[in-house]
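What follows is the residue order along each chain.
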Amino acid sequence: MKRLPALMFALVLGGACAHTPPKSDLEELRPVVEGFHKNLRWRNYRALSSFLVPEERKDFERQRRELHDDRDLTVTDFEIEDVKLADDGRSATVHSRIQWMRLPSVTEQTDTVTSEFVFRDGVWLLEKQQSGPFDGELEPKETPSP
(Lines give C-alpha, C1' and ligand atoms only; values in the text may rest on other atoms or scores of the structure.)
Protein backbone atom coordinates (compact mmCIF):
# COMPACT_ATOMS: atom_id res chain seq x y z
CA MET A 1 0.00 0.00 0.00
CA LYS A 2 2.95 2.32 0.66
CA ARG A 3 4.04 1.92 -2.96
CA LEU A 4 0.78 3.22 -4.39
CA PRO A 5 1.53 6.96 -3.77
CA ALA A 6 5.01 6.54 -5.26
CA LEU A 7 3.57 4.75 -8.28
CA MET A 8 0.92 7.45 -8.76
CA PHE A 9 3.60 10.16 -8.54
CA ALA A 10 5.74 8.38 -11.15
CA LEU A 11 2.77 8.02 -13.50
CA VAL A 12 1.84 11.70 -13.19
CA LEU A 13 5.46 12.79 -13.67
CA GLY A 14 5.87 10.46 -16.66
CA GLY A 15 2.67 11.76 -18.23
CA ALA A 16 3.78 15.35 -17.78
CA CYS A 17 7.09 14.63 -19.46
CA ALA A 18 5.38 12.99 -22.41
CA HIS A 19 3.47 16.21 -23.12
CA THR A 20 6.41 18.57 -22.73
CA PRO A 21 8.13 19.31 -26.04
CA PRO A 22 11.65 17.90 -26.10
CA LYS A 23 14.36 20.42 -25.42
CA SER A 24 17.89 19.74 -26.54
CA ASP A 25 21.19 20.62 -24.94
CA LEU A 26 24.85 20.95 -25.82
CA GLU A 27 25.57 17.30 -25.00
CA GLU A 28 23.25 16.21 -27.82
CA LEU A 29 24.67 18.81 -30.19
CA ARG A 30 28.36 18.01 -29.65
CA PRO A 31 28.47 14.63 -31.47
CA VAL A 32 26.53 16.11 -34.39
CA VAL A 33 28.96 19.02 -34.79
CA GLU A 34 31.97 16.72 -34.44
CA GLY A 35 30.44 14.20 -36.88
CA PHE A 36 29.81 16.92 -39.45
CA HIS A 37 33.41 18.11 -39.26
CA LYS A 38 34.92 14.61 -39.33
CA ASN A 39 32.87 13.62 -42.39
CA LEU A 40 33.93 16.86 -44.07
CA ARG A 41 37.56 16.15 -43.25
CA TRP A 42 37.35 12.64 -44.77
CA ARG A 43 35.31 13.70 -47.84
CA ASN A 44 32.35 11.56 -46.86
CA TYR A 45 29.82 13.82 -48.60
CA ARG A 46 26.95 11.34 -48.64
CA ALA A 47 27.10 11.08 -44.86
CA LEU A 48 27.75 14.81 -44.63
CA SER A 49 24.49 15.63 -46.40
CA SER A 50 22.57 13.67 -43.75
CA PHE A 51 23.61 16.36 -41.24
CA LEU A 52 21.75 19.00 -43.28
CA VAL A 53 18.13 20.07 -43.12
CA PRO A 54 16.28 17.93 -45.70
CA GLU A 55 15.49 20.83 -48.03
CA GLU A 56 19.22 21.50 -48.60
CA ARG A 57 20.43 17.93 -49.22
CA LYS A 58 19.83 17.53 -52.97
CA ASP A 59 21.39 20.88 -53.87
CA PHE A 60 24.34 20.17 -51.58
CA GLU A 61 24.98 16.75 -53.16
CA ARG A 62 24.63 18.21 -56.66
CA GLN A 63 27.17 20.94 -55.84
CA ARG A 64 29.65 18.33 -54.55
CA ARG A 65 29.37 16.41 -57.85
CA GLU A 66 29.59 19.53 -60.03
CA LEU A 67 32.63 20.86 -58.17
CA HIS A 68 34.27 17.40 -58.08
CA ASP A 69 34.78 17.82 -54.36
CA ASP A 70 35.47 14.14 -53.84
CA ARG A 71 38.71 14.77 -55.70
CA ASP A 72 39.30 18.55 -55.51
CA LEU A 73 38.29 19.65 -52.00
CA THR A 74 40.66 18.94 -49.15
CA VAL A 75 40.04 19.93 -45.55
CA THR A 76 43.37 19.70 -43.76
CA ASP A 77 42.27 20.71 -40.27
CA PHE A 78 39.33 21.92 -38.24
CA GLU A 79 38.83 23.18 -34.73
CA ILE A 80 35.51 23.89 -33.05
CA GLU A 81 36.06 27.21 -31.33
CA ASP A 82 32.72 28.19 -29.82
CA VAL A 83 29.18 26.84 -29.46
CA LYS A 84 26.27 28.98 -28.32
CA LEU A 85 22.90 27.42 -27.61
CA ALA A 86 19.87 29.70 -28.04
CA ASP A 87 17.78 30.36 -24.94
CA ASP A 88 14.94 28.20 -26.24
CA GLY A 89 17.32 25.25 -26.86
CA ARG A 90 16.04 24.88 -30.44
CA SER A 91 18.97 26.42 -32.32
CA ALA A 92 22.70 26.85 -31.90
CA THR A 93 25.52 28.77 -33.51
CA VAL A 94 28.88 27.05 -33.94
CA HIS A 95 32.12 28.83 -34.83
CA SER A 96 34.85 26.65 -36.30
CA ARG A 97 38.25 27.28 -37.78
CA ILE A 98 38.66 25.27 -40.96
CA GLN A 99 41.76 24.94 -43.14
CA TRP A 100 40.96 23.85 -46.68
CA MET A 101 41.79 24.11 -50.36
CA ARG A 102 39.95 23.34 -53.57
CA LEU A 103 41.92 22.47 -56.69
CA PRO A 104 43.07 23.89 -59.05
CA SER A 105 44.18 26.31 -56.33
CA VAL A 106 47.03 24.98 -54.22
CA THR A 107 46.71 27.73 -51.65
CA GLU A 108 45.40 26.58 -48.31
CA GLN A 109 42.75 28.86 -46.86
CA THR A 110 41.91 29.30 -43.20
CA ASP A 111 38.38 30.47 -42.47
CA THR A 112 36.30 31.01 -39.40
CA VAL A 113 33.06 29.30 -40.33
CA THR A 114 29.73 30.11 -38.70
CA SER A 115 27.27 27.22 -38.75
CA GLU A 116 23.67 27.46 -37.60
CA PHE A 117 22.10 24.24 -36.36
CA VAL A 118 18.41 23.74 -35.61
CA PHE A 119 16.79 21.10 -33.42
CA ARG A 120 14.09 19.59 -35.62
CA ASP A 121 12.08 16.40 -35.08
CA GLY A 122 14.35 15.33 -32.24
CA VAL A 123 17.69 15.79 -34.06
CA TRP A 124 20.19 18.58 -34.69
CA LEU A 125 20.54 19.58 -38.35
CA LEU A 126 22.73 22.12 -40.10
CA GLU A 127 20.59 24.84 -41.64
CA LYS A 128 23.01 27.57 -42.63
CA GLN A 129 26.74 28.09 -43.00
CA GLN A 130 28.80 31.18 -43.71
CA SER A 131 32.40 31.18 -44.97
CA GLY A 132 34.54 28.15 -45.69
CA PRO A 133 34.29 25.77 -48.65
CA PHE A 134 30.47 25.88 -48.75
CA ASP A 135 30.07 29.64 -48.38
CA GLY A 136 26.87 30.82 -50.04
CA GLU A 137 25.49 27.30 -50.53
CA LEU A 138 23.78 26.55 -47.24
CA GLU A 139 21.23 29.28 -46.80
CA PRO A 140 17.54 28.84 -46.06
CA LYS A 141 15.47 29.18 -49.19
CA GLU A 142 13.16 32.15 -49.09
CA THR A 143 9.63 31.45 -50.12
CA PRO A 144 8.23 34.03 -52.54
CA SER A 145 5.46 36.14 -51.13
CA PRO A 146 2.08 35.87 -52.90
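Conventions we followed
Residues numbered from 1 in each chain as written. Predicted model: local features only at pLDDT ≥ 70, side-chain atom pairs only at ≥ 80, totals over all residues. Heavy atoms only, no water. Pairing = 2+ DSSP bridges. Helix = DSSP H or I, 4+ residues; strand = E, 2+ residues; numbered from the N terminus. pLDDT = per-residue confidence, 0-100. Contact = heavy atoms within 4.5 Å. Axes fitted to C-alpha atoms, helices over the stretch in contact; angles between N-to-C directions. Salt bridge = Lys/Arg side-chain N within 4 Å of Asp/Glu carboxyl O. Buried < 20%, exposed > 50% of the residue type's maximum accessible area, 1.4 Å probe, protein only.

(A) Just the pairing of strand E4 (residues 123–130), in detail. With seven bridges connecting them, strand E3 (residues 109–120) and E4 associate as antiparallel partners. Looking across to E4, one finds that Glu-116 is bridged to Lys-128. In this structure, the hairpin formed by E3 and E4 is closed by a connection of two residues, where Asp-121 is found at a positive phi of approximately 50°.

(B) Expanded view of unusual backbone geometry. Look at the link from Leu-103 to Pro-104: it is a cis peptide, with omega at 15°. Here the phi dihedral of His-68 falls at roughly 55°; this positive angle occurs in a residue that is not glycine. One non-glycine residue with positive phi stands out, namely Asp-121, at about 50°. Take Asp-121: it is sitting in the loop between E3 and E4.

(C) Structural view of the confidence of the model for the protein chain. Here the protein chain averages 85 in pLDDT, and 79% of its residues register 70 or above. This model gives residues 4–22 a pLDDT under 50, and the stretch forms two contacts once residues within four places in sequence are excluded.

(D) Broad picture of the sheet that holds E4. Taken in spatial order, the four strands make up an open sheet running E1-E2-E3-E4, and their pairing is antiparallel. Since the sheet does not close on itself, it has two edges, and those belong to strand E1 (73–85) and E4, each with one partner. Put simply, the sheet's adjacent strands are angled 30° from each other on average, direction ignored. Here strand E2 (residues 91–102) runs beside E3; their pairing, made up of 10 bridges, is antiparallel. By the bridge assignment, Trp-100 is partnered in E3 with Gln-109. Contacting E1, E2, E3 and E4, helix H2 (residues 26–41) crosses the sheet at an angle of about 165° to E1.

(E) Representation of the pattern of salt bridges in the model. Under the definition given, this model contains 11 salt bridges. Between Arg-120 and Glu-55 there is a salt bridge, and its shortest N-O distance comes to 3.1 Å. Linking Arg-120 in strand E3 with Glu-55 in helix H4 (residues 54–66), this pair joins segments that are 65 residues apart in sequence. With relative accessibility at 26%, the residue Arg-120 sits in the partly exposed group. With a relative accessible area of 43%, Glu-55 lands in the partly exposed category.

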